[in-house]
Amino acid sequence: MRLELYKAVDKTPNMKDYDSVYESFQWEDTFDHFSWSKTGQYNMAYECIDKHVEEGYGEHVALKYRDKNVEASYTFKDIMIESNKAANIFRNQADVTKGDRVFIFMNRSPELYFALFGILKLGAIAGPLFEAFMEKAVTDRLENSEAKVVITTNELLNRIPHNKLPNLEKIIVIDDEVNASNDVLDYYEYYDSADETFDIEWLKKDDGLILHYTSGSTGQPKGVLHVQQAMVQHYITGKYVLDLKEDDVFWCTADPGWVTGTSYGIFAPWLNRVTNVVFGGRFSPEAWYETLEKYDVTVWYSAPTAFRMLMNAGDELVHHYDLSSVRHILSVGEPLNPEVIKWGNNVFKKRIHDTWWMTETGAHMICNYPSMDIRAGSMGKPVPGIQAAIIDHQGNELGPNQMGNLAIKKGWPSMMHTIWNNEAKYNSYFVDDTWYISGDSAYKDEDGYYWFQGRVDDVIMTAGERVGPFEVESKLVEHPKVAEAGVIGKPDPIRGEIIKAFIALRDGYETSDELKEEIRVFVKEGLAAHAAPREIEFKDKLPKTRSGKIMRRVLKSWELDLPTGDLSTIDDD
Ligand code: 6R9
């Protein structure tokens, strides 16, 4: 039996007419919504949580959490108090202050969300780390950001090589029975006596908010820094794209280790004061349908891989659940294929709305809106306030139906502020200091709809997760039997792409299936499960430029059985 009656949510879209809103929209028009328009002082935690309590919505349910053991519900007031306690503990025990990088390395749990807002209330920069990261992935990120504190659990603690990280002062463990020491603190030892009130640290619009590490085609993962003013875009896209309204129950399935899990798994719903569902367990079609049904989810944001996995579980299963509360479904992360759209139409009697954006853009860029005619296969049209274009390598705008680089006019509120410790990398994203170059190729049709074509670079999108080949290759060559490795994305019907590694062994080692498995496990345990190659092929030698750079383009051609093209045009850098 349902615990609560489903409250019907008004089905009229928040944005009733895309064209006229797009024409007249100014970012400034949204500023009134925020307290800083009067005070000049910013803090994301205040706008997401405390403000709602002050305005009389303290008892409104903010978070509904479930995993296989726990089910819990928290009001905005509960989260305010819990995050105040967290902020006090972090300040008093670990001396966290404004601008410090504090990482959260936890599986999804209510405490992760309390800790995150505790960090933000201190004016510190939160760095979420995906729970599947193993030691190398964790070390690279903590080292690059010079993190001062990590919040974690007993299970993940041994993946943080404390002694190799001179800047890391404290690790705070939120768990039962913590083995505390000088630098490893037991959160609950301080919890009962921690004050329930906290004076929020007020910030400027360009002060740091969150640091997400993401992969490019070369180099180590880079730290994309977002700042406080990103909230303008989180709020307005929550309203126009997610179509969030009072009484909505929203579920974003992404983990906060990825940008979708923070911008839309945390900030957008809470800036819009809606109930946010978090499912902490492993994926299973039953558990997912059950979550939709149990919480009467009205707006659901997920990814093509997840939809394809549900689709594979069969339509029969769906009939065991009452999914009639769902009124709006959205997708992100990979191309949304027509079969999935068809499945959505059948099963939910709803059109799945595609949204396009990236870690670096911080929020939605090109989307399908409830108010707009959708063209299946198109990513939609730019968000109000965003100017997009297709440009060539020189930065010239191309006309309709011409394929080129998808670019965005610099200066939107949620644009990354910098790449941590790498100004040159940041600058390399822009042409003429005007256009941000996405790295995706696309074209625009006569009516202004954008159509995704692929990545310009070698970045792999596997099951909606962005994996840089370089990071995987670097790990592979650490294996004592591997001499050289080249990694590509291989098309896959469920996951979009899978990671395939071409490997040349050191002299004296024989190829075998056991060795493939050994290498896979090596990456899985050293870097992350999702970064481990699903396929490995041994080669005597890998194709390289004269300077020794592995030519992934040639590997891809081998894989797809395409001509390898004119090899002399490959960059010789
Ligand atoms: C939010 C997120 C960004 C890359 C992006 C593109 C791919 C995202 C897409 C899409 C086709 C869509 N991508 N949305 N491809 N259709 N609707 O996913 O961020 O992890 O940084 O990945 O994902 O290639 O460049 P991130």
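Criteria and cut-off values
Residues numbered from 1 in each chain as written. Predicted model: local features only at pLDDT ≥ 70, side-chain atom pairs only at ≥ 80, totals over all residues. Heavy atoms only, no water. Helix = DSSP H or I, 4+ residues; strand = E, 2+ residues; numbered from the N terminus. Expected span 1.5 Å × (residues − 1). Buried < 20%, exposed > 50% of the residue type's maximum accessible area, 1.4 Å probe, protein only. Arc of directions from axis to C-beta. Contact = heavy atoms within 4.5 Å. Near = heavy atom within 4 Å. Polar contact = N/O pair within 3.5 Å; in protein donor to acceptor, adjacent residues only side chain to side chain. Areas by Shrake-Rupley, 256 points an atom, 1.4 Å probe, with all protein chains shown as cover. Nonpolar A, V, L, I, M, F, W, Y, C, P; charged D, E, K, R; others polar. Domains from an automatic or database assignment. Buried area = accessible area lost by both parts, 1.4 Å probe. Salt bridge = Lys/Arg side-chain N within 4 Å of Asp/Glu carboxyl O. Disulfide = S-S within 2.5 Å. Core = buried A, V, L, I, M, F, W, Y, C linked by side-chain atoms within 4.5 Å.

The chain has the name acetate--CoA ligase in an unreviewed UniProt entry, where Abyssicoccus albus is given as its organism.

Student: Teacher, can you tell me more about helix α17 (residues 513–526) here?
Tutor: A turn of α-helix holds 3.6 residues, and therefore any two residues three or four places apart point the same way. For α17, which comprises 14 residues, the first-to-last C-alpha distance of 20 Å matches the rise-based estimate of 20 Å (1.5 Å per residue) to within 8%. Those residues of α17 not exposed but buried are Leu515, Ile519, Val523 and Gly526. Projected onto a plane normal to the axis of α17, the buried residues spread over an arc of 85° and lie on a single side. Residues Asp513, Glu514 and Glu525 are exposed on α17 and point more than 90 degrees away from its buried face. Buried residues belonging to α17 abut α6 (135–145), α16 (469–476), β25 (482–492), β26 (496–505) and β27 (535–538).

Student: I tried to follow the site of the ligand on my own but got confused; where do I start?
Tutor: Around the ligand sit 17 residues in total, of which Asp354, Thr355, Thr359, Arg455 and Arg466 are the nearest. Threonine 355 places a main-chain nitrogen or oxygen 2.7 Å from a nitrogen atom of the ligand. The contact in question runs from an oxygen atom of the ligand to an N or O atom on the side chain of threonine 359, over 2.5 Å. In isolation the ligand offers 540 Å² of accessible surface; the protein chains occlude 96% of this area. If one sorts the elements of the shell around the ligand by residue count, strand β14 (residues 352–356) sits on top with 3 residues. When the residues that make up the shell around the ligand are grouped by side-chain class, the tally is 8 nonpolar, 4 polar and 5 charged.

Student: Explanation requested: the domain arrangement of the chain in the structure shown.
Tutor: Each domain of the chain was delimited in the assignment, giving domain 1 (1–33 + 228–260 + 270–453), domain 2 (40–52 + 71–227) and domain 3 (459–560). Spacing between the C-alpha centres of domain 1 and domain 2 amounts to 26 Å. Counting residues at the interface gives 36 residues for domain 1 and 42 residues for domain 2. Here domain 1 and domain 2 share an interface that buries about 3400 Å² over both sides, 62% of which is from carbon and sulfur atoms. Per-residue buried area on domain 1 facing domain 2 is highest for Gln228, Trp270 and Trp420; these three make up 28% of the total on that side. Summed over the shared surface of domain 1 and domain 2, the result is 2 salt bridges. Every element with two or more residues in the side of domain 1 that touches domain 2 is listed here: α9 (231–240), α10 (259–271), β11 (275–279) and β19 (418–419). Among the residues forming the side of domain 1 that touches domain 2, the class breakdown is 17 nonpolar, 14 polar and 5 charged.

Student: Just checking my understanding: could you explain the state of the cysteines for this structure?
Tutor: By definition, a disulfide links the sulfur atoms of two cysteines through a covalent bond. One pass over the structure, following the stated rule, counts 0 disulfides. No disulfide involves cysteine 252; its sulfur sits 13 Å from that of cysteine 367, the nearest cysteine.

Student: Is there a simple way to think about the nonpolar core in this case?
Tutor: Among soluble globular proteins, nonpolar side chains are generally buried collectively. Judged by nonpolar contacts, the single largest core of 106 residues is most densely connected at Phe90, Phe117, Ile151, Phe267 and Trp270. Apart from the residues lying within four places of it in its own chain, the contact partners of tryptophan 270 are Glu47, Cys48, Ile49, His52, Ala62, Leu63, Phe76, Ile79, Tyr113, Phe117 and Asn276.

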